[in-house]
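The chain contents come next:
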Amino acid sequence: MYQCCPCSFLKVILARVSAPGKGVLITGCESPIAWYLAKKLDDLGFTVYAGFNVPVEDSEEAKILKEETSGRMKILHVDVTSEKTLLEAALFISEHLPYGAEGLWALMHCAHWIALGELEWIPFGVLRKSLDLNLLGVARLTQLMLPLLRRANGRIVFLTSGLNKVPAPVRGIQCATQAAVESFAACLRQEMRPRGVDVSVVAAGEFSPGNAWLNETELREQAKEMWAKLSAEQKKTYGEDYYEAAMTSVDKYSKEAADIQPTLRVLIDAVTRTFPMARYTPVTPQEKFQIFFAEHLASSLYELIYGTKK
């Protein structure tokens with residue numbers, strides 16, 4: 001009887017696909033991690049459709065990406081909250097597939113919009129935008145691209161946060177949308193399995209998009225705007241000192257120096273590996289411990305360790 005050598009089996013599992021003739025759509029390329037991902041995949045020989053949230057002519061990052069990559073690179077306006085730009089992108093890609101390709105090899109959801117603040121402080125319009133961009137837009141773009149992905153037996157990759165199940169003040173709506181995307185991806189994986197389309201989640205660390213989630217000026221302006229919209233009763237209840245302390249606690253989103261390399265490596269792996277993993281977790285050791293404690297400790301004990309001091 002023939003026995004499979006473990007080394008041979010490992011080589012099959014870790015085998016890489018051939019890049020030429022395969023197209024990859026990446027959203028959110030104005031962020032550092034998606035920008036570098038587009039550049040790296042172009043270097044590997046993929047045909048990359050780099051989606052920017054703003055019109056291409058208004059994006060300096062789009063112009064630089066075009067200049068520093070090959071002629072295969074396609075720069076697109078892909079605002080995931082705009083049905084018009086999504087339909088235009090789907091049509092463009094279907095008409096400009098790599099030579100000989102029957103469909104799209106990969107769809108990579110990297111577009112994010114960050115909303116920070118305790119629930120009572122956040123205007124409803126901000127809550128709606130967060131859901132529209134982080135969840136509904138992701139679902140709609142996936143719908144439009146699935147026919148092309150099925151033809152290529154391709155894959156879908158969702159970039160989320162590894163800390164979406166870690167409770168913390170001011171991150172409520174962000175955690176909610178990221179957890180929703182993971183649940184959506186898990187169900188989609190079951191739906192697509194018999195149709196030959198792989199689905200992966202990259203649950204990255206807190207600063208996966210690099211240190212460009214929010215700049216300090218934008219953060220302060222958003223904080224002032226939210227405070228101004230609170231009622232007199234709300235301002236009295238929370239107090240300006242507490243509000244300032246809470247908003248100062250998220251300064252790390254604009255100041256933290258992020259190492260995006262681990263996340264970048266697994267995103268590339270999800271595109272290039274013959275059999276991609278269902279879930280990647282490129283988080284720091286500290287984040288890994290906190291995630292483990294949040295999922296396995298009693299809530300009262302977890303809050304004693306990590307909770308907000310009264």
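The structure under discussion appears in the preceding block.
Here's a quick rundown of the structure. Please read these numbers as outputs of a predicted model, since none were measured by experiment. (Residues numbered from 1 in each chain as written. Predicted model: local features only at pLDDT ≥ 70, side-chain atom pairs only at ≥ 80, totals over all residues. Heavy atoms only, no water.)

**Comments concerning the overall build of the chain**
Within the chain, the secondary structure is distributed over 13 helices and seven strands. Per-residue burial for the chain yields a buried fraction of 47% across its 310 residues. In the chain, of all internal contacts separated by at least 6 residues, the share reaching a separation of at least 24 is 74%. Total accessible area on the chain stands at roughly 15900 Å², and carbon and sulfur atoms take up 57% of it. (Helix = DSSP H or I, 4+ residues; strand = E, 2+ residues; numbered from the N terminus. Buried < 20%, exposed > 50% of the residue type's maximum accessible area, 1.4 Å probe, protein only. Contact = heavy atoms within 4.5 Å. Areas by Shrake-Rupley, 256 points an atom, 1.4 Å probe, with all protein chains shown as cover.)

**What about the pairing of strand β5 (residues 155-161)?**
With seven of seven residues buried, β5 is to be regarded as a mostly interior element. The alternating pattern of β5 places R155, V157, L159 and S161 and I156, F158 and T160 on opposite faces, both of which are buried. In terms of strand pairing, strand β4 (residues 106-109) meets β5 through four bridges, oriented parallel. Note that in β5 the partner of M108 across the bridge is V157. Each parallel crossover has a hand, and the one from β4 via helix α5 (residues 124-152) to β5 is right-handed. The pairing of β5 with strand β6 (residues 198-204) spans seven bridges and is parallel. Paired with F158 across the bridge in β6 is V201. Each parallel crossover has a hand, and the one from β5 via helix α6 (residues 172-192) to β6 is right-handed. (Pairing = 2+ DSSP bridges. Right-handed = clockwise from strand over helix to strand, strands pointing away.)

**Some points on the sheet that holds β5**
On the basis of which strands lie adjacent, the open sheet formed by seven strands has the order β3-β2-β1-β4-β5-β6-β7 and parallel pairing. Here the strands that pair on one side only, and so sit at the sheet edges, are β3 (74-77) and β7 (279-280). In this structure, strand β1 (residues 23-26) lies alongside β4, joined through three bridges in parallel fashion. Each residue of the ladder has a partner; that of L25, found in β4, is L107. Each of β1, β2 (47-52) and β3 touches helix α4 (residues 83-95); the most contacted strand, β3, lies at about 155° to it. (Axes fitted to C-alpha atoms, helices over the stretch in contact; angles between N-to-C directions.)

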